[in-house]
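Per-entry structural report
Residue strings, one per chain:
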Amino acid sequence: METNPIPILTIQTTPFDDQRPGTNGLRKKTAVFESKKNYLQNYIQSLLSSIDLRDRQGCTMVVGSDGRYFSRAATEVIVQMAAANGIGRLVIGHNGILSTPAVSCIIRKIKAIGGIILTASHSPGGPGGDFGIKFNVANGGPSPDTVMERIHQVSRTLEEYAICLDLHIDLSRLGRHDFDLENKFKPFRVEIVDSVEIYLNMLRGIFDFGAIKSLLTGPKQLKIRIDAMNGVMGPYVRRILCDELGAPANSAVNCVPLEDFGGQHPNPNPAFAAALVDSMKGGEFGFGAAFDADGDRYMIMGENGFFVSPSDSLAVMAANLSCIPYFSQRGIRGFARSMPTSTAIDRVAKAMKVALYETPTGWRFFGNLMDSGRCSFCGEESFGTGGCHQSPLKAHKSLTFALMTNHLESCQNLFYLQYCLFDYEGVDSRAAYYLMRDLEAVLTDKAFTTQKFSVGNSIYSVEKADNFEYTDPVDGSVSRKQGLRIIFTDSSRIIFRLSGTGAGTGATLRIYAESYERDPERHNRETQVVLGPLIAIALKISNIHERTGRKGPSVIT
């Protein structure tokens, strides 16, 4: 306990006009947060002030980060401002480290009002990289639109913020730390907790650890390779897979969280996780996985470098969900996927006679479905998966390898859907906006639904074209303009979408293509060959290369 009460200061400031949070909170170049006076403080004050004062006073919040550059400095500011704004207790991961799924888990476990996560997800770190602030609400999930809009409205008129500049915390010291504040009857408490333990305890209640340990250590040992990409998942991979489940130490690589992620792009796809791809191609390992910076995206690979798409892994896991004790005991109520995600899981839902919900991209849409009991398992196209237990299952794929390994082959043969994504990153925002506007006009013209496209020996007839709209079955809210869709009579799809997860350095245009293949003899053909005609159609009707000046996509997955 501090001897002298710490004063609460009120600092004058002026609002910024660019603090509207996007799909995953507020994300900018690190230099914006670090160098613009009061930029960080303004946003944190806006976030705290968006919480009703009656709910905020004395409440508990969780704080974590993926360890990227500027996280420690930002965490100290959050501690100082939380104290000054009436928060009663902060729970922070050791050295500030907590994965996004772990934050969700702890929020629900301790019944916190919410949690602040310092991350820019799969974007680069370091002084020249990106930085972001996410706010997860009391159900452990991302903020709904209403919360983000409140934060933005506060930020537009903010004139002052409250802070305890003399309050300092050592993030390396585990345990409780109490601070007396001026004009406060109760001390402000900060608890530094083990980053992994609470999360690990949750996993023990979901998966059959004994069976997994036997798989990793038994006579028919499965050799695995897990790449944490120097992000937040390193301590989790080491503690859970190696220490708890017995995987050899060399099963885990790049497990030390670094401020710049070792100079690499912490994006788990074949392009940025090339070292893992090369390791898997050697044939020594039977299962491989990589995680993004904050642990809510993954990539799975099989023996000899077989790439398992996020849509395939989602469908295979859904089909075998009863193999996981948690779900076998509680039953399966329904599935959900984001609109751009492959329809492979739709076929699983139909076969299992459970409901299937198609939502816009963004984890907040899954939260209502899970909280209302409609959905047991969900996932999206960007390598994320979740379940209806105490926190999202996102990034638990490394613990389901027993299931995946047995179905690496069947994930193609069962669902026979080819799927790929073209990413055009850093596109001029105006060019991207007008491209999507003009493309929508073309697709929504009544004449477009009579179109037929001929590419080589393939003919595609349009069945439906629209700008996806979603009505939430729980609260009735409507989300419009969530992505342009072309659905053909053979169930093939082309989707165009503007991503909302950038850091202000241009827009990301995404083209998704999906094709249904009936002939089993053709299931093992190269994805680019199968989808070539659909990609050609997408490029032709969008004129994306001509309108953006690009010669091709930044990333293909």
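As shown above, the structure is provided for reference.
Since the model is a prediction, treat every value here as computed from it, not as a measurement. (Residues numbered from 1 in each chain as written. Predicted model: local features only at pLDDT ≥ 70, side-chain atom pairs only at ≥ 80, totals over all residues. Heavy atoms only, no water.)

Description of the sheet that holds strand E3 (residues 60–65)
The mixed open sheet is built from seven strands, whose spatial order is E2-E6-E5-E3-E4-E9-E8. Two strands close off the open sheet at either side, each with one partner strand: strand E2 (26–29) and strand E8 (175–179). Strand-to-strand twist in this sheet, taken as the mean axis angle between neighbours without regard to direction, amounts to 15 degrees. In terms of strand pairing, E3 meets strand E5 (residues 114–118) through five bridges, oriented parallel. In the sheet register, Gly-64 faces E5, and the bridge partner there is Ile-117. Relative to the sheet, helix H4 (residues 71–84) contacts E3, strand E4 (89–97), E5, strand E6 (130–137) and strand E9 (188–193), its axis offset from that of E4 by approximately 170 degrees. (Pairing = 2+ DSSP bridges. Helix = DSSP H or I, 4+ residues; strand = E, 2+ residues; numbered from the N terminus. Axes fitted to C-alpha atoms, helices over the stretch in contact; angles between N-to-C directions. Contact = heavy atoms within 4.5 Å.)

Some points on the packing of helix H2 (residues 39–49) against helix H6 (residues 145–157)
Two numbers describe how H2 lies on H6: the axes approach to 8 Å, and their chain directions differ by 125 degrees. One way to sum up the angle between H2 and H6 is to call them oblique. Like other packed secondary-structure pairs, H2 and H6 cross with a definite hand, here right-handed. Contact residues: H2 offers Tyr-43, Ser-46, Leu-47 and Ser-49, while H6 offers Ile-151, Val-154 and Ser-155. (Parallel < 35°, antiparallel > 145°, perpendicular 65-115°, else oblique. Left-handed = near helix turned anticlockwise from the far one by under 90°.)

A short note on the sheet that holds strand E10 (residues 224–227)
With mixed pairing, five strands are arranged side by side in an open sheet as E11-E10-E12-E13-E14. Each end of this open sheet is capped by a strand with a single partner; those strands are strand E11 (252–253) and strand E14 (306–308). Where E10 lies against E11, two bridges are found, and the strand directions are parallel. Bridging from a neighbouring strand, Asp-227 pairs with Val-253 of E11.

As for the pattern of salt bridges
The final tally for this structure, using the stated rule, is 30 salt bridges. Put simply, Asp-52 and Arg-54 hold a salt bridge, and the shortest N to O gap is 3.0 Å. Classification of Arg-54 as exposed rests on a relative accessible area of 73%. Between Lys-223 and Glu-284 there is a salt bridge whose closest N-O contact spans 2.9 Å. With Lys-223 in the loop between helix H8 (209–217) and E10 and Glu-284 in the loop between helix H10 (274–281) and strand E12 (287–291), this residue pair connects regions lying 61 residues apart in the sequence. Given the relative accessible area of 46%, Glu-284 is considered partly exposed. (Salt bridge = Lys/Arg side-chain N within 4 Å of Asp/Glu carboxyl O. Buried < 20%, exposed > 50% of the residue type's maximum accessible area, 1.4 Å probe, protein only.)

What to know about helix H13 (residues 344–352)
Every buried residue of H13 is accounted for by Ala-344, Ile-345, Val-348 and Ala-349. Take H13 and look down its axis: the buried residues cluster within an arc of 140 degrees, on one side only. In this structure, H13 carries Lys-350 and Ala-351 as exposed residues pointing more than 90 degrees from its buried face. After H13 finishes, the residue Lys-353 shows a positive phi value of roughly 60 degrees. (Arc of directions from axis to C-beta.)

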